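# Structural features, examined
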Amino acid sequence: MSNVLTIFKRELRAYFATPVAYVFIIIFLFLTGIFTFYLGAFYERDQADLEPFFRFHPWLYLFLIPAIAMRLWSEERKTGTIELLMTLPITLWDAVLGKFLAAWCFTAIALLLTFPMWITVNYLGDPDNVVIVAGYLGSLLMAGGFLAIGSCISATTKNQVIAFVVSVVICFCFIFSGTRIVLDFFSGWAPQAVVDVISSFSFIAHFESIKKGVLDVRDVVYFATLIAFWLYANTLVIQNRKAS
Amino acid sequence: MSYAIEVKNLSKHFGALRAVDGVSFNVARGDVLGFLGPNGAGKSTTMKMITGFLEPTAGTVNVCGFDLAASPVMLKSKIGYLPEGAPAYGEMTPLSFLEFVGQIRGLRGARLQERIRDVVGKIHLEAVLHQRIETLSKGYKRRVGVAQAILHDPEVLIMDEPTDGLDPNQKHEVRTLIREMAATKAIVISTHILEEVNAVCTRAIIIAAGRILFEGTPAELEGRSRWHNAVTLSVSADTAQVRAALVALPDVEAVEERADAAGRARLTVIPRPGCVPLPAVQGAVQARGWSVTELHVEGGRLDEVFRDITTQSRAARS
């Protein structure tokens, strides 16, 4: 466990050692603002909640999270430090977890920095803050799902650009499988069970209730399972491809 | 007595390519084993398997009693490893990098700081301790890699080309360091530089196309050279006459002639295998009264032995 912590600290510091962290955080805050106030019609709705803020998180994460995750393993492979890391007395899971948690913690920091949004809504009205906390937790959980995918894909290549593009495509599939376009396409001919399965894989479907402040156990289990699955895949990828 | 490193029938196949093909050797504490071979011979691959980075296709590795397959983490904790090219995290400073590696190696607090001070002093990293590693020169990067490998004072030290990219002074320092550590550790280094084998190694292995072609002491390796114990001399007399006289001596296989930089003829007396022609040559010089301006015994030419051994194997295979 102490190895996970050591790797976690190194990775988190690595984010802030380059301008990447600051650029990311600024863009994230800027975009959440735009989405919430313009596309989300925060004022016009005249409701004291953060639904318009959370609504666009899946789409924001679609591009921003793969950008955080892409360097996790690609860079180690490209610079050869993976050989150094994997010959230190640690297990594969130490490394995968340490890196994932660092990226997740970084996302949490970015998310926490949206606190002016929370202050604004409390200043303007009288929102249910429990609902807002649930929304934040759910959003963080979803970010974890995106990150686990990105981390695994990053392990498959030395090229960060490839890692980014492929991660975006896979994350897009996970979001898109819950939209009307996809579901309508299947519901015409496929049995309802298949449609339900496809829709149940969607981030959107699971985030739907979360953004309204309902942190359902099933949604939590869904994201937890998703993270576990992709991190497990991540260990397999490294095990088999670390030297190539 | 048990060896610090025991390697048995180690093989690594990449598809049809047999990068390492049934390699076995042992290294005891106090030994410095030099790994020689052409590029692509399997030196690095062998090291990557011993250190647990690559999984062997077949064979076993045991380091300090820990089996690679059964307890890889314990095995790794016994080894200090400098991978090829000395990779390090570029955005870190040598200090934070050493702290990171030290913490993973289980060093904490005062002990960690003491070890870092010790290693930094030995390898002379003081000047760059707070500079980002990516901004350092090749020589410094290599030294950061060496520092990281010896930080936890490991029982087994494996270094892939530790002196590559260093200037002659730095090479000398690293070799001195290796010799100092050799008494208590089992050390394996790979190198292209044959003089390094004589300088630091107690044993040498030549590997080509994934197989061990020679194993022995550097002296034995030199002994394989046809120049081993050869006598080179410069004589200010009629070269043809001298040459004829030398060829007639009992232990002599051949006499080769080369002009030195100043244009004077230098003769090299090549001995018959296992013979020492020096006394006979000296006798001839005295008997005939040649005036000799230079005379020395050759140790043996490692590069030539190396070429012989590694190209013979290629010829034998094709």
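All names here are of chain B. Most of strand β13 (residues 265–271) sits inside the fold, with five of its seven residues counted as buried. Bridging between strand β11 (residues 231–235) and β13 involves four bridges; their strand directions are antiparallel. Each residue of the ladder has a partner; that of S234, found in β13, is R266. Note: strand β12 (residues 252–259) against β13, seven bridges, orientation antiparallel. Its bridge partner lying in β13, A259 is registered against A265.

Let us now look at the domain arrangement of chain B. Per the domain assignment, the segments making up chain B are domain 1 (5–222) and domain 2 (231–298). Here domain 1 of chain B and domain 2 of chain B have C-alpha centroids that lie 43 Å from each other.

Right, let's get into the interface of chain B and chain A. Residue-level contacts link 25 residues of chain B with 25 residues of chain A. Across the chain B/chain A interface, buried area totals approximately 2,400 Å², and carbon plus sulfur atoms make up 64% of it. When the area that chain B buries against chain A is broken down by residue, the three leading residues are B:F53, B:Y89 and B:I104, summing to 32%. One can count two salt bridges joining chain B with chain A. Taken together, the links from chain B to chain A amount to six residue pairs in polar contact (both at pLDDT 80 or more).

All right, on to the pairing of strand β10 (residues 211–216) of chain B then. Consecutive side chains of a regular strand alternate in pointing toward one face of the sheet and then the other. Residue and element names in this part refer to chain B. Across five bridges, the pairing between strand β9 (residues 203–208) and β10 is antiparallel. Of the residues in β10, the one forming a bridge with A204 is G216. Counted along the chain from β9 to the antiparallel partner β10, the turn is two residues long, and its residue A209 has a positive phi close to 50°.

A word on helix α11 (residues 160–176) of chain A. Residue and element names in this part refer to chain A. Across its 17 residues, α11 extends 24 Å between first and last C-alpha, which sits within 8% of the 24 Å expected from 1.5 Å per residue. Of the residues making up α11, those classed as buried are A163, S167, V168, C171, F174 and I175. Buried residues in α11, looked at end-on, bunch into an arc of 125°, giving them a common side. On the buried face of α11, the contacting elements are α5 (57–69), α6 (71–79), α10 (129–154), α14 (203–211) and α15 (217–241).

All names here are of chain B. The four strands are arranged β2-β1-β4-β5 in an open sheet whose pairing can be described as antiparallel. A single partner strand is all that each edge strand has here, and the edge strands are β2 (17–27) and β5 (66–67). Relative to β5, strand β4 (residues 58–63) runs antiparallel, the two sharing two bridges. Bridge pairing links N62 to D67 in β5. Packing against the sheet, helix α1 (residues 43–50) makes contact with β1 (5–14), β2 and β4, and its axis sits at approximately 120° to β1.

Attention now goes to the sheet that holds β13(B). The pairing of strands in a sheet happens through backbone hydrogen bonds and is either parallel or antiparallel. Residue and element names in this part refer to chain B. On the basis of which strands lie adjacent, the open sheet formed by four strands has the order β12-β13-β11-β14 and antiparallel pairing. The outermost strands of the open sheet, each flanked by one partner alone, are β12 and β14 (292–297). For this sheet the average axis-to-axis angle between neighbouring strands, irrespective of direction, equals 20°. Contacting β11, β12 and β13, helix α9 (residues 239–247) crosses the sheet at an angle of about 160° to β12.

The next thing to look at is the packing of α10(A) against α11(A). Residues and elements named next belong to chain A. With their axes 9 Å apart at the nearest point, α10 and α11 run at an angle of 145° to one another. As α10 packs across α11, the resulting crossing turns out to be right-handed. Contacts between α10 and α11 involve F146, I149, G150, I153 and S154 from the former and A163, V166, S167, I170, C171, F174 and I175 from the latter. Residue classes in the contact of α10 with α11 are distributed as nine nonpolar, three polar and no charged.

Residue and element names in this part refer to chain B. Taken N-terminus to C-terminus, the directions of helix α4 (residues 109–123) and helix α5 (residues 138–150) make an angle of 140°; their axes are 10 Å apart at the nearest point. Between α4 and α5, the interaxial angle falls into the category oblique. Where α4 crosses over α5, the two elements pack in a sense that is right-handed. Here α4 contributes R115, V119 and I123 to the contact with α5, which in turn contributes R143, V146, A147 and I150. Partitioning the contact of α4 with α5 into residue classes produces five nonpolar, no polar and two charged.

With that settled, consider helix α6 (residues 168–182) of chain B. Residue and element names in this part refer to chain B. In this model α6 runs 21 Å from its N-terminal to its C-terminal C-alpha over 15 residues, within 8% of the 21 Å that 1.5 Å per residue would give. What α6 keeps buried is the set Q170, V174, R175, L177, I178, M181 and A182. All buried residues of α6 fall inside an arc of 155° around its axis, so they share one side. Residues of α6 that are exposed and angled more than 90 degrees away from the buried face: P168, N169, H172 and E180. On its buried side, α6 packs onto β3 (32–36), α4, α5, β7 (156–160), β8 (186–191) and α7 (194–200). The backbone nitrogen of N169 has a side-chain oxygen 3.0 Å away, supplied by the residue at the start of α6, namely D167.

Thresholds applied
All residue numbers refer to positions counted from 1 along the written sequence of the respective chain. For naming, the first written chain is A and the first written ligand is 1, with later ones following in the order written. Local features are withheld for residues below a pLDDT of 70 in this predicted model, meaning they are given only at 70 or higher, and side-chain atom pairs are given and counted only at 80 or more; totals for whole chains, interfaces and linings count all residues. Each side-chain value is worked out from all heavy atoms of the structure, with water and hydrogens disregarded. With a 1.4 Å probe rolled over the protein chains alone, any residue whose accessible area is under 20% of its type maximum counts as buried; one over 50% counts as exposed, and the rest are partly exposed. Runs of H or I in DSSP of at least four residues are treated as helices and runs of E of at least two as strands, each being numbered from the N terminus. DSSP calls a pair of strands paired once it identifies at least 2 bridges connecting them. Marked domain ranges trace back to an automatic or database domain assignment. Two residues form a contact once any of their heavy atoms are found within 4.5 Å. We define buried area as the total accessible area lost by two parts upon association, computed with a 1.4 Å probe and summed across both. Any carboxyl oxygen of Asp or Glu within 4 Å of a side-chain nitrogen of Lys or Arg constitutes a salt bridge here. Whenever a nitrogen or oxygen atom comes within 3.5 Å of another N or O atom, the pair is scored as a polar contact, on the condition that within protein one atom can donate a hydrogen and the other can accept it, and that pairs from neighbouring residues in sequence are kept only if both atoms are in side chains. For a helix, the expected span equals 1.5 Å multiplied by the residue count minus one. Summarising the geometry, the arc corresponds to the directions from the helix axis toward the C-beta atoms. To obtain an axis, a line is fitted to C-alpha atoms, over the contacting stretch when the element is a helix, and the angle between two such axes runs from 0 to 180 degrees between their N-to-C directions. Throughout, a crossing is termed right-handed when the near helix is turned clockwise from the far one, and left-handed when it is turned anticlockwise from it by less than a right angle. Here the nonpolar group is Ala, Val, Leu, Ile, Met, Phe, Trp, Tyr, Cys and Pro; Asp, Glu, Lys and Arg are the charged ones; every other residue, Gly included, is treated as polar. Roughly parallel means an angle under 35 degrees; roughly antiparallel means over 145; roughly perpendicular covers 65 to 115; every other angle is labelled oblique.

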